[in-house]
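# Examining the three-dimensional arrangement
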Amino acid sequence: MKFPLHLDLTGRRVLVVGAGALAVRRVQALLAAGAVVDVVAPEVSDELPDVPVQRRAFVPDDVAGAWLVLACTGVVDDVIAEVCEQCGIWCSRGDDAARSAAWVPAVTRLDDVVVSVSTADPRRSLAVRDAIALALQTGELPLRRRRPGQGSVALVGGGPGDPGLLTVRGRQLLAGADVVVRDRLAPLVDLPAEVELIDVGKTPGGPSYDQRAIEQLLVDRARAGQRVVRLKGGDVHLFGRGMEEVAACVEAGVPVEVVPGVSSAFAVPAYAGIPVTARGVTQSVSVVSAHVPPGDPGSTVDWDALARLGGTIVLLMAVGRLERVCAALVGAGRDAKTPVAVVQDGTLPTQRVVVTTLADAAADAADVASPAVVVIGDVVGLR
Ligand SMILES: C[S@@+](CC[C@H](N)C(=O)[O-])C[C@H]1O[C@@H](n2cnc3c(N)ncnc32)[C@H](O)[C@@H]1O
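Residues numbered from 1 in each chain as written. Predicted model: local features only at pLDDT ≥ 70, side-chain atom pairs only at ≥ 80, totals over all residues. Heavy atoms only, no water.

Attention now moves to the site of the ligand. Lining the immediate environment of the ligand, one finds 18 residues, of which L238, S263, S264, G346 and A372 sit closest. Within the backbone of P160, an N or O atom sits 2.8 Å from a nitrogen atom of the ligand. Contacts to the ligand include M317, whose backbone N or O atom sits 2.9 Å from an oxygen atom. When isolated, the ligand has an accessible area of 560 Å², and the protein chains bury 90% of it. Judged by the proximity of its atoms to the pocket grid, the ligand belongs to the second largest pocket. Those elements that provide at least two residues to the shell around the ligand are α7 (264-271) and β17 (372-376). Of the residues assigned to the shell around the ligand, the class counts are eleven nonpolar, five polar and two charged. When residues are assigned to domains, the shell around the ligand turns out to be shared by domain 3 (152-259) and domain 4 (265-382), each giving three or more. (Near = heavy atom within 4 Å. Polar contact = N/O pair within 3.5 Å; in protein donor to acceptor, adjacent residues only side chain to side chain. Areas by Shrake-Rupley, 256 points an atom, 1.4 Å probe, with all protein chains shown as cover. 1 Å grid on protein atoms, 1.4 Å probe; cavity = no way out; pocket = protein on both sides within 12 Å on 5 of 7 lines; lining within 4 Å. Sits in = over half its atoms within 2 Å of the grid points. Helix = DSSP H or I, 4+ residues; strand = E, 2+ residues; numbered from the N terminus. Nonpolar A, V, L, I, M, F, W, Y, C, P; charged D, E, K, R; others polar. Domains from an automatic or database assignment.)

With that out of the way, let us pick up the layout of surface pockets. The calculated volume of the largest pocket comes to roughly 1,700 Å³. In terms of lining, the largest pocket is formed by 45 residues, of which the most central are W103, V104, P105, A106 and V107. Considering each element in turn, the lining of the largest pocket owes the most residues, six residues, to helix α1 (residues 21-32). Here the residues of the lining of the largest pocket sort into 27 nonpolar, eight polar and ten charged. Residue-level mapping places the lining of the largest pocket at the junction of two domains, with at least three residues from each of domain 1 (13-104) and domain 2 (105-143). In this structure, the second largest pocket encloses a volume near 1,200 Å³. As for the second largest pocket, its lining consists of 46 residues, and the residues nearest its centre are D183, R184, L185, G233 and F239. Listing elements by their share of the lining of the second largest pocket, those giving two or more residues are α5 (211-223), β11 (227-232), α7 and β17. By residue class, the composition of the lining of the second largest pocket is 21 nonpolar, 13 polar and twelve charged. Each of domain 3 (152-259) and domain 4 (265-382) accounts for three or more of the residues forming the lining of the second largest pocket. (Points joined across faces, edges and corners; volume = space filled by probe spheres on them.)

So, on to the sheet that holds β11. Strand pairing in a sheet takes place through backbone hydrogen bonds and is either antiparallel or parallel in direction. In spatial order, the strands read β10-β9-β11-β8-β12; together these five strands make up an open sheet with parallel pairing. Only two strands of the sheet have a single neighbouring strand rather than two, namely β10 (196-199) and β12 (256-259). Between one strand and the next, the sheet's axes are offset by a mean angle of 20°, whatever the strand orientation. Summarising the sheet, strand β8 (residues 152-157) and β12 pair through four bridges and their orientation is parallel. Across the sheet, residue V156 finds its bridge partner in β12, namely V259. Contacts from α5 reach β8, β9 (179-182), β10 and β11, with the element oriented near 155° to β11. (Pairing = 2+ DSSP bridges. Axes fitted to C-alpha atoms, helices over the stretch in contact; angles between N-to-C directions. Contact = heavy atoms within 4.5 Å.)

Written out as structure tokens, the structure reads:
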């Protein structure tokens, strides 16, 4: 049975014997821990950090004054271990963990959490360590650190719907949230029971929040000392009104962080098998909101220029407005036979794709419901 122990090596002398790849990793870790490192080795790797090196073979006197010795020679580790044993100094052998008096564990750190893993098989230790590191980073292992009174807001882009497209940073913040303020198109994520979920998406029959009310909610909760995650669909900013929420927090003096998300503009075509650009097919992609259609006095999009540009066009919020958009593009010279894909519920199990042309899109996609992304251009043919 081993006795796990974390050592404070700050300012303490550690001897590393050997200067190959293992020794380099050990020296880097020791320096990061504040140890005073001496190296003894006849040959030295170029990668070795800048530490005092005796370029010669190990002699027993080398261990004098060391708190810890790491034998990384692969040749005379047993000799070094024996000298340490006689002097009462802990020695970790790189060549044979089973015959070592001390073990360097596989380590992962996140914030102030240090996890050390030790098993009989070093490769297994690394695999277990990596699994724990991933679970910590993604929030699967909750890492709730209470800092009472420190409210904050994190605007997290949740991706287009598939929870697998939520970023690692987004998951970390969700794992530490007190309250999650969720949009209708944000992914449905599992949250611990104690986390409050407020759905501010406009669902038929449900309470409705206008933009200012959402901003006030974020500020009020943060001022009450809560860690608020504002979970939005796709990316935070792309047609997402993220800036208004950032501004509200800044104005209120509330700490705010922005975590970009995977946007539906690119992820939804990709899940439908359409690369939005492809070498030899197009060198440009334009992402356009169609919520104000062509011909509307409020439209600021130059649809004629867009038609002339010729590359791929990705339309968001175009459901119900396809007829006017397609007519405007064809009217401005884009070929009526240009391929079009309309992707509803992209990345979700209910995803549906209608492939058509500019001439027929309005009729062929008449029953497509929101949310949908429309891709216009020859890249659709690569599907
Ligand atoms: C208000 S915009 C927000 C876009 C978001 N910020 C983003 O980066 O994806 C909403 C539009 O995004 C598109 N959208 C979002 N999620 C989608 C999905 N899963 N499938 C298809 N379209 C989606 C639709 O065009 C929808 O009308």
